[in-house]
Amino acid sequence: MDKREPGHKATADNGPSSSAAVAATTHEDMAADGSIPEDPPRGAPSPSEAIVGLDKTSADYYFDSYSHFGIHEDMLKDSVRTRTYQNAIYHNTRLIRNKVVLDVGAGTGILSLFCAKAGAKHVYAVECSQMADMAKKIVQANEYSDVITVIKGKVEEIELPVAHVDIIISEWMGYFLVFENMLNTVLYARDKWLISGGLVLPDKASLYLTAIEDADYKEQKMEFWNNVYGFDMGCIKKQSMMEPLVDSVGQHQIVTDSCVLKTMDVSKMIPGDASFKAPFELVAERDDYIHALVAYFDVSFTMCHKVTGFSTGPRSRATHWKQTVLYLEDMLTICEGEALVGSITVQPNKNNPRFVEIALEYSLNGQRCQVSRIQQFKMS
């Protein structure tokens, strides 16, 4: 696998990613259009450039990180993500036409522009980072200033010039689906402004778990600490294993089937539903070793004329979310048909709710391996 250090993803137009990507298209890929956006024009700012001339006005890294062009470039170039939203809007103009739309975490305003082009009566694009200033210029440059109003600020602190909206659209998903906790912001906006019977787009998301063989990388990354130029630094190894890695997993590495950990209905759920404990059972599809568990998610627009969505799984086309890898302290030897069972508990960190704490309990009572363990992980 092409590995990198644990990634951070803030969710305005949605998060930073590396250039690594290795996944084949299969029937699991639900995106309706696989075309790639055109290259940016010559002279466009480099991916690493921040918005120039704007002083930092907040100590909050989450919003500050979204002032950088490169993050938005990565998200916009994620054609699975962006084309799926575009198709959900353009193929369902009957849902959008003459409606008032709220875009939560608008980033560059791309979703707002899609809605405006689809005939929305008005779109309120709320963005807390400095990118809001660029979004205003983008809206003006595309002559949608009479339809789109960009509002700079936190959703929880701003007031809309209208009492209600018909539709809320947002790209709130983080790594491991819930990393960075933007979902609660969408739920806050839903409860405050969405009319009875209004739509949340997308409305469904499911988190999945599977298991992989990954001996080469685990040896290279984790066992390195056992002998660093002749010195034992194993204490770092234990800490490093607590940090989930965000990266692309090759489908050939998958050893077991997948199971659903949690399905979220954004139109009905309450904020506390993002914290949960879920059992799992992963059945081996071949004799092999298991070095890590891998989490990924699917997203669906079920209120559309034709249900559409996408998967971030290792058997689907690559997205900037990749997958989240949880390395096990044990190397498990599993035989075809045997089951790795356990539970996973997910909750926000008490000191910083944008971070995610994961408690993993697992056991295997197999022909060649018997083990039972609890591990803790923290995405930060």
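Here the structure is shown first, and the text comes after it.
Source: prediction; values computed, not measured. (Residues numbered from 1 in each chain as written. Predicted model: local features only at pLDDT ≥ 70, side-chain atom pairs only at ≥ 80, totals over all residues. Heavy atoms only, no water.)

> Whenever I open this one, the sheet that holds strand β4 (residues 165–170) confuses me. Can you help?
Sheet strands associate in pairs through backbone hydrogen bonding, adopting either a parallel or an antiparallel arrangement. The parallel open sheet is built from five strands, whose spatial order is β3-β2-β1-β4-β5. Each edge of the sheet is formed by a strand with only one pairing partner; in this case those strands are β3 (148–152) and β5 (194–201). Direction aside, the axes of adjacent strands within the sheet are offset by 20° on average. With four bridges connecting them, β4 and β5 associate as parallel partners. Across the sheet, I169 pairs through a bridge with L201, a residue of β5. (Pairing = 2+ DSSP bridges. Helix = DSSP H or I, 4+ residues; strand = E, 2+ residues; numbered from the N terminus. Axes fitted to C-alpha atoms, helices over the stretch in contact; angles between N-to-C directions.)

> Is there a simple way to explain helix α5 (residues 110–117) in this structure?
The periodicity of an α-helix, 3.6 residues per turn, causes residues three or four places apart in sequence to face the same way. With seven of eight residues buried, α5 is to be regarded as a mostly interior element. Buried within α5 we find I110, L111, S112, L113, F114, C115 and A116. One or two residues past the end of α5 sits G119, with phi positive at roughly 105°. (Buried < 20%, exposed > 50% of the residue type's maximum accessible area, 1.4 Å probe, protein only.)

> Looking at this structure, I do not really get the sheet that holds strand β13 (residues 339–348). What am I missing?
Read from one edge of the open sheet, four strands run β9-β13-β14-β15, paired in antiparallel fashion. Looking along the sheet, the strands with just one partner apiece sit at the ends: β9 (276–283) and β15 (370–379). Going from strand to strand, the sheet's axes swing by 15° on average, the running direction of each strand aside. Taken together, the eight bridges between β13 and strand β14 (residues 356–365) define a ladder with antiparallel strand orientation. Its bridge partner lying in β14, G342 is registered against Y362.

> Explain the environment of L102 to me, please; I cannot follow it from the model alone.
Take L102: it is sitting in strand β1 (residues 100–104). Distance in space between the C-alpha atoms of L102 and C115 is 9.9 Å, their sequence separation being 13 residues. Discounting residues that sit within four places of it in the chain, L102 has contacts with Y124, V126, L160, V165, I167, I168, I169, A189 and W193. (Contact = heavy atoms within 4.5 Å.)

> Got a minute to help me understand the pairing of strand β2 (residues 122–127) in this structure?
Put simply, side chains in a regular strand alternate between the two faces of the sheet. Where burial is concerned, most of β2 is hidden: six out of the six residues are buried. Alternating residues of β2 divide into H122, Y124 and V126 and V123, A125 and E127, and every residue in both groups is buried. Both β1 and β2 contribute to a ladder of five bridges, which runs parallel. Paired with V104 across the two strands is V126, which belongs to β2. In terms of handedness, the path from β1 via α5 over to β2 forms a crossover that is right-handed. In the sheet, β2 pairs with β3 via five bridges, with the strands oriented parallel. Pairing of Y124 across the sheet is with T149, part of β3. At this point the chain moves from β2, through helix α6 (residues 131–141), to the parallel β3, and the crossover so formed is right-handed. (Right-handed = clockwise from strand over helix to strand, strands pointing away.)

> Can you walk me through the pattern of salt bridges in this structure?
Where side chains of opposite charge bring their charged atoms close, a pairing between them can arise. Enumeration over the complete set of coordinates arrives at 11 salt bridges. Between R373 and D330 there is a salt bridge, and its shortest N-O distance comes to 2.6 Å. Of this pair, R373 sits in strand β15 while D330 sits in strand β12 (residues 323–334); the two residues are 43 residues apart in sequence, bridging distant segments of the chain. On the basis of relative accessible area, D330 is assigned to the buried category, the value being 13%. (Salt bridge = Lys/Arg side-chain N within 4 Å of Asp/Glu carboxyl O.)

> What is the right way to read the environment of V147 from this model?
Turning to its location among the elements, V147 is positioned in the loop between α6 and β3. Residue class for V147 comes out buried when judged on its relative accessible area of 13%. Each C-alpha atom of the pair V147 and K117 lies 9.4 Å from the other, and the pair is 30 residues apart in sequence. Discounting residues that sit within four places of it in the chain, V147 has contacts with A116, A120, K121, H122 and V123.

> Sorry if this is basic, but what is going on with the side chain of S206 here?
Its location among the elements puts S206 in strand β6 (residues 204–212). Polar contacts involving the side chain of S206 include one to the side chain of T263, which spans 2.9 Å. The residues contacting S206, other than those within four sequence positions of it, are L177, V260, K262, T263, Y296, F297 and D298. (Polar contact = N/O pair within 3.5 Å; in protein donor to acceptor, adjacent residues only side chain to side chain.)

Nothing here speaks to function; it is all geometry.
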